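Structural description and commentary
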Amino acid sequence: MANPKRRFSAARRDTRRSQWKLKAPGLSICPQCKQHKLPHRVCENCGYYGKKEVVEV
Amino acid sequence: MRHRVADKKLGRTYEHKKALLSNMAISLFRHERIETTLAKAKLLRVKAERMITWAKRGGLANIRLLEGALLHNKDTVGKLVKVIAPRYKDRQGGYTRIMKLRNRKGDNALIAIIELVDRVKKEKKVKKEGKEAVAEVKDAKKTEVTKK
């Protein structure tokens, strides 16, 4: 069976994993309530999507 | 050849999917707006728009197509032909609107609203009553404070 020839050091492993990063979500501003919201989504804060939509609040 | 034009299956058998979409179409025409996953909404849009087109054309053949597609639900077929179809007389397709809402808690599925474009908006009686009730409670508390 195929096996690694050499020991893989912790430094090599950790260097590779140092590239694993979380990305910030691309947020947009709701034109109605000026809160951050996901683009192309109904605003969860005021319930508007462009013009009037879901009434929650 | 109809390569690369396969339908979405929604993890169901063909019959299950067909029944699901019929049920959803009935709900959509009855309530004018429903909430589902984005995938289901997009499939429903195709079916619902075609049904509205049938209703606009009218005639016995189209009515029978509608009855088959709507599980012989006579109330819904009637509403479609008498109420919904005339509303879209001057509209060339695009009878529905889909808006993305949020991701569902349990399975992170993207939930969307699908609605008929010129839907008749219902009065939000329950919410108003709720607000008025809160206001009444507040007023009652105020009077209590002033009494004390």
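Starting from 1, residues in each chain are numbered consecutively following that chain's sequence as written. The lettering of chains begins at A and the numbering of ligands begins at 1, in the order of writing. The model is predicted, so local features are restricted to residues of pLDDT at least 70 and side-chain atom pairs to those at 80 or more, both for listing and for counting; the totals for chains, interfaces and linings are taken over all residues.

1. Overview of the nonpolar core
Residues and elements named next belong to chain B. Defined as follows: The nonpolar core criterion groups buried Ala, Val, Leu, Ile, Met, Phe, Trp, Tyr and Cys residues into a set whenever they are joined through C-beta atoms within 7 Å. We call a residue exposed when 12 or fewer other C-beta atoms sit within 10 Å of its C-beta, buried when the count reaches 20 or more, and partly exposed for counts in between; the C-beta positions come from the backbone. Only DSSP runs of H or I with at least four residues qualify as helices, and only runs of E with at least two residues qualify as strands; both kinds are numbered from the N terminus onward. By the criterion used throughout, residues are in contact when their C-beta atoms, derived from the backbone, lie within 7 Å.
With 21 residues, the main nonpolar core has A25, L44, M51, I52, A55, L66 and L80 as its most contacted residues. Those elements giving two or more residues to this core turn out to be α1 (14-31), α2 (38-57), α3 (60-69), α4 (74-87) and β3 (110-116). When residues of this core are assigned to their parent elements, the largest contribution, eight residues, is made by α2. Apart from the residues within four sequence positions on either side, L66 is in contact with M51, W54, A55, V77 and L80.

2. Looking at the sheet that holds strand β1 (residues 33-37) of chain B
All names here are of chain B. This is how the line gets drawn: When DSSP finds two or more bridges between two strands, those strands count as paired. What counts as an axis is a line fitted to C-alpha atoms, over the stretch in contact for a helix, and the angles between N-to-C directions run from 0 to 180 degrees.
Taken together, the three strands give an open sheet; going across it, the order is β1-β3-β2, and neighbouring strands pair in antiparallel fashion. Of all strands in the sheet, those with a lone pairing partner are β1 and β2 (96-103), marking the two edges. Shown here is a sheet whose adjacent strand axes are inclined to one another by a mean of 25°, direction ignored. Bridge count between β1 and β3: five bridges; the pairing is antiparallel. Bridge pairing links T36 to A112 in β3. Contacts from α1 reach β1 and β3 within the one sheet, and its direction differs from that of β1 by about 145°. Contacting β1, β2 and β3, α2 crosses the sheet at an angle of about 170° to β2.

3. A short note on unusual backbone geometry
Across the chain, the bulk of peptide bonds are trans and the bulk of non-glycine residues have phi less than zero. Residues and elements named next belong to chain B. Non-glycine residue E32 carries a positive phi angle of around 70°. Mapping E32 onto the fold places it in the loop between α1 and β1. Look at L71: it is not a glycine, yet its phi comes out positive at around 55°.

4. Some points on the packing of α2 of chain B against α4 of chain B
Residue and element names in this part refer to chain B. Rule in force here: By the definition adopted for this analysis, an angle is roughly parallel if under 35 degrees, roughly antiparallel if over 145, roughly perpendicular if from 65 to 115, and oblique otherwise. We call Asp, Glu, Lys and Arg charged. Ala, Val, Leu, Ile, Met, Phe, Trp, Tyr, Cys and Pro are nonpolar, and the rest, Gly among them, are polar.
At their nearest, the axes of α2 and α4 sit 9 Å apart, and the two run at 95° to each other. Regarding the angle of α2 to α4, the classification is roughly perpendicular. Facing M51, I52, A55 and K56 of α2, the residues of α4 in contact are L80, V81, I84 and A85. For the contact of α2 with α4, the class distribution of residues is seven nonpolar, no polar and one charged.

5. Concerning the environment of M1 of chain B
Looking at where M1 of chain B falls in the secondary structure, it is placed in the segment before α1. When the C-alpha atoms of M1 of chain B and L70 of chain B are compared, they prove to be 30 Å apart, with 69 residues separating the residues in sequence.

6. Observations concerning α4 of chain B
Residue and element names in this part refer to chain B. The cut-off we apply is this: One less than the residue count of a helix, multiplied by 1.5 Å, gives the span that helix is expected to have. At every residue, the bend is computed as the angle between two fitted axes, covering the seven residues ending there and the seven beginning there respectively.
For α4, built from 14 residues, the straight-helix expectation of 20 Å at 1.5 Å per residue is met to within 8% by its first-to-last C-alpha distance of 19 Å. Its maximal kink placed at L80, α4 deviates by approximately 35°. By the burial criterion, the buried members of α4 are T76, V77, L80, I84 and A85. Where α4 is buried, its residues touch α1, α2, α3 and β3.

7. Side note on α1 of chain B
Residues and elements named next belong to chain B. Definition in use: Arc definition: it is the arc formed by the directions from the helix axis to the C-beta atoms.
Helix length check: α1 (18 residues) gives 26 Å between terminal C-alpha atoms against 26 Å at 1.5 Å per residue, within 8%. Of the residues making up α1, those classed as buried are A25, L28 and F29. Looking down the long axis of α1, one finds its buried residues gathered within 90° of arc, a one-sided arrangement. Seen from the open side of α1, the exposed residues pointing more than 90 degrees away from its buried face are E15 and H16. Looking at the buried side of α1, the elements it contacts are β1, α2, α4 and β3. Directly beyond the C-terminal end of α1, a positive phi value near 70° is found at E32.

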